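Each chain, written out:
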Amino acid sequence: MGTVWGALAHLRRGTLQNIMANRPTRALEELTAKKAMEKAAAMALGLFRVCLVVVTAIINHPLLFPRENATVPENEEEIIRQMQAHQEKLQLEQLRLEEEVARLAAEKEALERVAEEGQQQNESRAAWDLWSTLCMILFLVIEVWRQDHQDGPSPECLGTDEDELPGLEGAPLRGLTLPNKATLEHFYEHCIRGATADAARTREFVEGFVDDLLEALRSLCSRDSDMEVEDFIGVDSMYENWQVNKPLLCNLFVPFMPPEPYHFHPELWCSSRSVPLDRQGYGQIKVVRADEDTLSCICGKTKLGEDMLCLLHGKNNVAQPSSEAGDPLCAQDSPYLDTMRVMKWFQTALTRAWHRIAHKYEFDLAFGQLDTPGSLKIRFRSGKFMPFNLIPVIQCDDSDLYFVSHLPRESCLGTSASSTDWLLSFAVYERHFLRMTSKALPEGACHLSCLQIASFLLSKQSCLTGPSGLSNYHLKTALLHLLLARRPADWKAGQLDARLHELLRFLEKSLLEKKLHHFFIGNRKVPEATGLPEAMRRAEPLNLFRPFVLQRSLYRKTVDSFYEMLKNAPALISEYSLHIPSDHSSLPPKAVIL
């Protein structure tokens with residue numbers, strides 16, 4: 001045990017001696033190594049500084065990296081002055097930008113304000129449009145109700161008072177007054193009736209000459225290639241006994257038919273659902289061949305079987321619509337009759353006919369107006385002349401309606417929109433209605449006297465201020481409406497002044513409303529005894545004053561002329577009454593008149 005402890009003590013002493021002997025050597029080595037490291041770091045730092053200086057010198061060298069447009073100021077004052085100038089520029093630019101921003105803000109504000117005002121206006125306009133629409137609907141409802149329930153009553157239920165006609169109450173005629181009853185009767189008896197006393201002899205002469213002229217025309221025409229002219233028909237004022245203007249003028253319809261195998265097929269405006277307003281009252285006339293008329297043969301409408309054969313058309317001659325450009329007097333590339341070609345044909349035919357019979361007469365015949373082909377004028381050696389109109393027409397089916405190629409200028413019924421549009425004339429029915437009504441009126445009724453006086457005043461006013469939109473046809477239409485509304489007893493001779501005043505009031509009301517309906521079209525109150533086709537009675541009413549709605553200047557001129565006529569009426573009637581010749585009973589010889 002003791003030996004062991006001694007060995008351990010000896011070992012520990014030897015270890016301590018070794019450690020104490022080696023400690024100074026390690027400390028010296030560590031110190032040396034530390035100094036070497038500090039020296040190396042100092043060298044590296046110095047080398048880094050040298051490299052940094054070299055790199056900085058290289059970068060800032062002017063020859064290696066020259067600065068364009070760069071100048072080195074010589075002193076600090078130059079630098080300060082430039083900086084001040086730059087600062088002033090910046091301030092000016094800042095002021096300009098501030099002004100621009102303020103202007104843009106003002107514009108934006110204005111735009112927003114305008115937008116708000118526009119929105120408010122749109123809202124108010126929308127509200128106004130709504131009210132306008134509601135008012136218009138209400139007005140139309142009232143107007144339809146008035147036309148259906150408050151139109152002038154039938155002659156059977158009318159009284160004798162003037163105020164029974166609707167819409168005429170309180171019409172003042174602007175306070176203008178007409179001559180009294182005695183003055184009107186004296187003026188009519190001695191001025192108008194005396195001036196038209198030779199109307200019957202004028203009609204007789206013109207009819208005899210026209211008969212001869214048309215007979216010569218027929219003799220020159222070929223039945224196989226030329227139009228077939230029929231007997232004339234007298235219409236308008238000379239044949240209704242209310243002609244007042246001189247020279248006396250006869251209007252004669254001359255119906256014509258196409259040569260075989262052609263025939264006319266009329267197409268009315270009321271048979272189509274969509275017709276422009278300016279074409280109402282017009283129609284077209286289709287020229288078809290008898291062997292191509294699909295309207296009269298069933299083979300053109302149905303499909304025949306193989307074992308069926310049409311007796312009118314062969315197996316290889318099925319009815320087809322006519323499309324030949326060579327159809328007589330048709331428009332180019334159209335199967336419809338052309339009014340211009342008809343007018344040229346009629347002029348040529350009348351000229352040839354006159355040359356054939358000119359040797360039998362001691363007067364000359366010439367065309368009166370270039371734009372009216374049937375306007376003729378007989379010139380006598382004494383210098384006097386006698387005008388008359390021959391108007392080529394086409395009968396509408398089997399009725400007394402006629403398609404007219406043109407109208408005299410005084411008719412003022414408008415012009416057609418196309419050369420294939422033909423105006424439908426009711427002149428024959430108007431004559432029949434006046435004749436039928438005259439039989440029911442008292443003896444010496446004043447209805448035609450009213451029309452003659454109104455026509456006289458209108459013609460004299462036209463001479464003073466020029467023609468207006470009001471014509472004799474409008475006067476006659478107004479009279480026809482009053483004849484249908486009034487009882488026969490209201491048209492006694494002693495009521496001339498009352499009926500004339502009522503006629504002028506009716507015209508005034510129609511002018512102010514811009515509405516004067518055609519007497520026959522759409523008028524279901526027309527007696528069936530007139531024979532008017534049912535299609536015309538059931539058609540939509542036609543407003544003869546519709547041009548006044550579209551042409552404001554014409555309307556203003558017409559209204560002014562109408563009131564001017566009323567203003568001048570008393571003085572005009574008095575002046576013509578004072579210059580009446582003393583003798584109206586004797587007529588000069590026929591040769592002198594002609």
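Because the structure is predicted, anything quoted here is derived from the model rather than measured.

Draft legend 1. Molecular detail of the pattern of salt bridges. Going through the model one piece at a time under the given rule, you end up with 17 salt bridges. One salt bridge connects Asp490 with Arg486, and the closest N-O pair in it is separated by 3.5 Å. What makes Asp490 buried here is its relative accessible area of 1%. With a relative accessible area of 1%, Arg486 lands in the buried category.

Draft legend 2. Local environment of unusual backbone geometry. At the junction of Lys246 and Pro247, the peptide bond is cis and its omega measures out at 0° in the coordinates. Mapped onto the fold, Pro247 is located in the loop between helix H5 (237-240) and strand S3 (250-257). The omega angle of the peptide bond from Glu260 to Pro261 is 5°, so this bond is cis rather than trans. Mapped onto the secondary structure, Pro261 falls in the loop between S3 and strand S4 (262-268). Residue Lys514 is not a glycine yet carries a positive backbone phi of 55°. With respect to the helices and strands, the residue Lys514 is situated in the loop between helix H10 (496-513) and helix H11 (534-537). For Lys514, a relative accessible area of 25% translates into the label partly exposed.

Draft legend 3. Structural detail: H10. The terminal C-alpha atoms of H10 lie 26 Å apart, and with 18 residues this matches the ideal 26 Å at 1.5 Å per residue to within 8%. Trailing H10 by a residue or two, Lys514 shows a phi angle of about 55°, which is positive.

Draft legend 4. Quick peek at the confidence of the model for the protein chain. Looking at the protein chain, the pLDDT average stands at 79 and 75% of residues meet or exceed 70. Ranking the helices and strands of the protein chain by mean pLDDT puts helix H9 (residues 472-485) first, with 96, and helix H14 (residues 590-593) last, with 30. In this model, residues 149-171 is a region of pLDDT below 50 whose contacts with residues beyond four sequence positions or in other chains number 51 contacts. Of the regions scoring below 50 in pLDDT, residues 581-594 engages in 18 contacts with residues more than four places distant in sequence or in other chains.

Draft legend 5. Expanded view of the packing of H9 against H10. Packing of H9 against H10 leaves a shortest axis separation of 10 Å and a crossing angle of 110°. Considered as vectors, H9 and H10 are oriented roughly perpendicular to each other. Where H9 crosses over H10, the handedness of that crossing is right-handed. Contact residues: His474, Leu475, Ala478, Leu479, His481 and Leu482 in H9; Glu502, Leu503, Phe506 and Leu507 in H10. Taken together, the residues of the contact of H9 with H10 sort by class into seven nonpolar, two polar and one charged.

Draft legend 6. Just helix H3 (residues 181-195), in detail. The end-to-end C-alpha separation of H3 is 20 Å, in line with the 21 Å expected for 15 residues at 1.5 Å each. Maximal helix bending in H3 amounts to about 35°, located at Tyr188. Buried residues of H3: Leu184, Phe187, Tyr188, Cys191, Ile192 and Gly194, and no others. Of the surrounding secondary structure, the elements contacted by the buried residues of H3 are helix H8 (447-465), H10 and helix H13 (552-578).

About the thresholds
Residue numbers run consecutively from 1 along every chain, following the written order of its sequence. Selection of residues for local features in this predicted model requires a pLDDT of at least 70, selection of side-chain atom pairs for listing and counting requires 80 or more, and totals for whole chains, interfaces and linings are taken over all residues. To get the side-chain values, take all heavy atoms of the structure and skip hydrogens and water. Salt bridge, as applied in this entry: a Lys or Arg side-chain nitrogen positioned within 4 Å of an Asp or Glu carboxyl oxygen. The buried label goes to any residue with under 20% of its type's maximum accessible area, the exposed label to any with over 50%, and the partly exposed label to all in between, with areas taken from a 1.4 Å probe on protein chains only. Starting at the N terminus, helices and strands are each numbered in turn, a helix being any DSSP run of H or I of at least four residues and a strand any DSSP run of E of at least two. Helix span, expected: 1.5 Å multiplied by one less than the number of residues in the helix. The predictor reports its confidence for every residue as pLDDT, a score running from 0 up to 100. Only heavy atoms enter the contact rule, under which two residues are in contact if any of them lie within 4.5 Å. Helix axes are fitted only over the stretch in contact, all axes being lines through C-alpha atoms; the angle between N-to-C directions runs from 0 to 180 degrees. For classification purposes, an angle smaller than 35 degrees is called roughly parallel, one larger than 145 roughly antiparallel, one from 65 to 115 roughly perpendicular, and anything else oblique. By the definition used in this description, the sense in which the near helix is turned from the far one sets the handedness, with an anticlockwise turn below a right angle giving left-handed and a clockwise turn giving right-handed. Classes in brief: Ala, Val, Leu, Ile, Met, Phe, Trp, Tyr, Cys and Pro nonpolar; Asp, Glu, Lys and Arg charged; the others, Gly included, polar. Bend is computed residue by residue as the angle between axes fitted to the seven residues ending at the residue and the seven residues starting at it.

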